[in-house]
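Chain by chain, the residues:
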Amino acid sequence: MERPPTKYVSVGETDVAYQVIGDGPLDLLFCFGLGSHIELVWDAEPLVEIFRRLASFSRLIYFDRRGTGASDRVPDTVVPTWEQWAEDFHAVLDAVGSDKAAILAHGDVGPLAMLFAAMHPERVSALILFNTAARWMRDEDYPIGFTPADLDGVLDIFARSAGTPELQALFAPSMARDPEYLALAAKITRSAATPRNITAQWNYILRYQDVRNALSLISAPTLVLHSRDNTWIDGSLSRFLAEHIEGATFRELPGADLTPSPEWQAMSDAVAEFLGVDHPEPEIDRVLATVLFTDIVGSTERAALDGDARWHVVLDAHDRCVREQIRKHRGRELNTTGDGFVISFDGPARAIRCAEAIGDAITRQGLQVRMGLHTGECEIRGDDLGGMAVHIAARVSGLANAGEILVSGTVKDLVVGSGIDFEDRGERELKGVPGSWRLFAVEA
């Protein structure tokens, strides 16, 4: 099989590397994750064979997510948010002209693929999750995964052994007696990222990744695959995915290898079988979205003071300003409320950045706005969104002070690592919404 050319697509200020292999009847987007290098893997025959098998029935779109391989590196101290990583999927699909693709995601890329499938269901024809999890750390309501002691041990192994043949032998036990393969796999890992950077990324991924709230919103036919004998990822993590994604199929595969090897042929066969079945096109009626409400503070009093004619001029200038920031931050205007806007975004960090930009611009016009955000399941109603998530965002906005951006705890948790700081506003009751909600104000 000839090596395809490596191409790049810009995602913000980052370049993401990708290749296109084969010309099958369906598009299959594949990302291995941390440790991949899309150019050097062509020296590894086991991976070339996997490519050959996958490309035999698809147009295989293979890419390195930012932070690994031929794509731009990420700083040790500023790891991208899940939202930013999920944008890599969108950009690569657009770059190759794919309106809709099946996604095959392994390891640390699995949660990003789940987020993308929930946020952009119209772009995902099927989802295959291989040796991955929605969350890696245990929690009070999630008694599976790594304990803090487990995590410390894993990170210590990465810090001491990343990029060594010895660690590759632990990842691929079936290849442990093949020194040539182990040396090449170690070289690829060293070329993908440094041990310090690998450890920093894994610390963030294993400690903070949590996309459980997105699972119920995945509408694409889903296959969950798990290597039965691997010692790194417990099967309960994969079974959790199959149990919480509606209609998902769970399948155990023979073998223990977490990195590409001849054992992965069973994976490629399972993918071919799954995608060869005619699936009814799911009706998309729900999506994961971040909803932003804006509201001019004291608009009634200001309108009475200025008079109708003058107030309309002020209001028109406000609307133009808000719409300009919506465009710049790739939001979608859902509605207007007379003196405010309802806006949706496919990522919470970008929604907060847009709110900050709106606040700054409107302040320069001599006005003040209050804003509130929430991320959750939304019902698609034509060009509009509805459901409890929209109501929660509206209630959060109503509790914000003048000039304040108030967010739900859900939003705060989703932007961990983004550099956005918050001030705890405590537990609050939201009218018409069950329970109490912890709210946070975005710090300037």
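Described below are features of the structure shown in this document.

About the thresholds
- Residues numbered from 1 in each chain as written.
- Predicted model: local features only at pLDDT ≥ 70, side-chain atom pairs only at ≥ 80, totals over all residues.
- Heavy atoms only, no water.
- Phe/Tyr/Trp six-rings, centres within 6.5 Å; stacked < 30°, edge-to-face > 60°.
- Helix = DSSP H or I, 4+ residues; strand = E, 2+ residues; numbered from the N terminus.
- Buried < 20%, exposed > 50% of the residue type's maximum accessible area, 1.4 Å probe, protein only.
- Polar contact = N/O pair within 3.5 Å; in protein donor to acceptor, adjacent residues only side chain to side chain.
- Contact = heavy atoms within 4.5 Å.

As a further point, take the packing of aromatic side chains. Counted by the stated rule, this structure contains 14 aromatic pairs. With a centroid separation of 4.9 Å and an interplanar angle of 55°, the aromatic rings of Phe171 and Trp232 are classed as tilted. You can see Phe171 sitting in helix 5 (residues 165-171) and its partner Trp232 sitting in the loop between strand 7 (222-227) and helix 8 (235-244), a full 61 residues away along the chain. Classification of Phe171 by relative accessible area gives buried; the value is 14%. On the numbers, 5.9 Å between centres and 50° between planes, the contact of Tyr204 with Tyr208 is tilted. Here the residue Tyr204 and the residue Tyr208 both occupy positions in helix 7 (residues 195-208), the gap between them amounting to four residues, near one helical turn. By relative accessible area, which is 6% here, Tyr204 ends up buried. Within the aromatic cluster, the residues linked to one another by ring pairs are Phe30, Trp42, Phe51 and Tyr62.

For Arg65, the position within the fold is in the loop between strand 4 (59-63) and helix 2 (82-95). The exposure class assigned to Arg65 is buried, which follows from its relative accessible area of 1%. In terms of polar contacts, Arg65 uses its side chain to reach the side chain of Asp108, at 2.9 Å. Reaching out from Arg65, the side chain makes a polar contact with the side chain of Gln201 at a distance of 2.9 Å. Dropping the residues within four chain positions of it, Arg65 is found in contact with Cys31, Gly33, Leu34, Ser71, Trp85, Asp88, Asp108, Val109, Leu112, Gln201 and Ile205.

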